[in-house]
Amino acid sequence: MKDIARQQMSIKVESMDMLNAQIQMEGRASASYLAMASWCDQRGYNQSAGFMYKQAAEEREHMMKIFKFVNDCGGNAISPAIESTNHDFSSLEEVFETALSQEIDVTKSINRIVAAAKKNSDFGVENFLQWFITEQLEEEKTMRDILDLFEIMGRDGIALKLIDERISVE
Ligand code: FEO
């Protein structure tokens, strides 16, 4: 009975392949945030480090959400290989610029999967990804708001300390 259920996946193969690629992307995002947390931790940007540790955990949750969804639909979720992660940043601002750029890439990728699901009338996948669309809007806004602080407060040592103190880990 279980085999029959697995043969009749409730999502399309194209969606499953794209979701597996997204699982890997979320896994990479988690690893990347962990590298950013380490960079911030080592330089005494304690609030930023806390923020990045939390982002890393959230990206893993995103990965697991998709992973479970694929299997719950009778598909085959693939545990992702994470290759080398960049640990090299020239400034706190570059850390957050990289974070925003990463989030924009994730948003584009989610949008591509939704567009394909719509085209294939894969309504379950389209519906499942609505949460991610909202989440991405919030994450991009958070990063943009933080980057605005550099424009407002400047980039000297004291400004960077004050910016770090304003980074929320809630
Ligand atoms: Fe799950 Fe922010 O990408």
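Computed from a predicted structure; not experimentally measured.

Student: Would you explain the nonpolar core in this entry?
Tutor: Side chains of nonpolar character tend, in soluble globular proteins, to be buried together. Within the largest apolar cluster, 24 residues are counted, with the highest numbers of intra-cluster contacts made by M52, F96 and F150. Elements with a minimum of two residues in this core: α2 (13-42), α3 (46-72), α4 (92-119), α6 (130-153) and α7 (157-166). Those residues within four positions of F96 in sequence are excluded, and the remaining contacts are S48, F51, M52, M143, I146, L147, F150 and I167.

Student: Looking at this structure, how should I read the UniProt feature "domain: Ferritin-like diiron" (unreviewed entry) in the chain?
Tutor: The sites that carry the UniProt feature "domain: Ferritin-like diiron" (unreviewed entry) are, in the present numbering, residues 9-154. Between the end C-alpha atoms of residues 9-154 the distance is 53 Å, and the span holds 79% helix and 0% strand.

Student: What exactly am I supposed to notice about the packing of α2 against α4 here?
Tutor: To characterise two packed helices, one gives the angle between the axes of the helices and the distance between these axes. Packing of α2 against α4 brings their axes to within 11 Å, and their N-to-C directions diverge by 170 degrees. With respect to their mutual orientation, α2 and α4 come out roughly antiparallel. When its residues are assigned to classes, the contact of α2 with α4 shows 16 nonpolar, six polar and six charged.

Conventions used here
- Residues numbered from 1 in each chain as written.
- Predicted model: local features only at pLDDT ≥ 70, side-chain atom pairs only at ≥ 80, totals over all residues.
- Heavy atoms only, no water.
- Core = buried A, V, L, I, M, F, W, Y, C linked by side-chain atoms within 4.5 Å.
- Buried < 20%, exposed > 50% of the residue type's maximum accessible area, 1.4 Å probe, protein only.
- Helix = DSSP H or I, 4+ residues; strand = E, 2+ residues; numbered from the N terminus.
- Contact = heavy atoms within 4.5 Å.
- UniProt positions renumbered as here; feature names shortened; annotations may be inferred.
- Axes fitted to C-alpha atoms, helices over the stretch in contact; angles between N-to-C directions.
- Parallel < 35°, antiparallel > 145°, perpendicular 65-115°, else oblique.
- Nonpolar A, V, L, I, M, F, W, Y, C, P; charged D, E, K, R; others polar.

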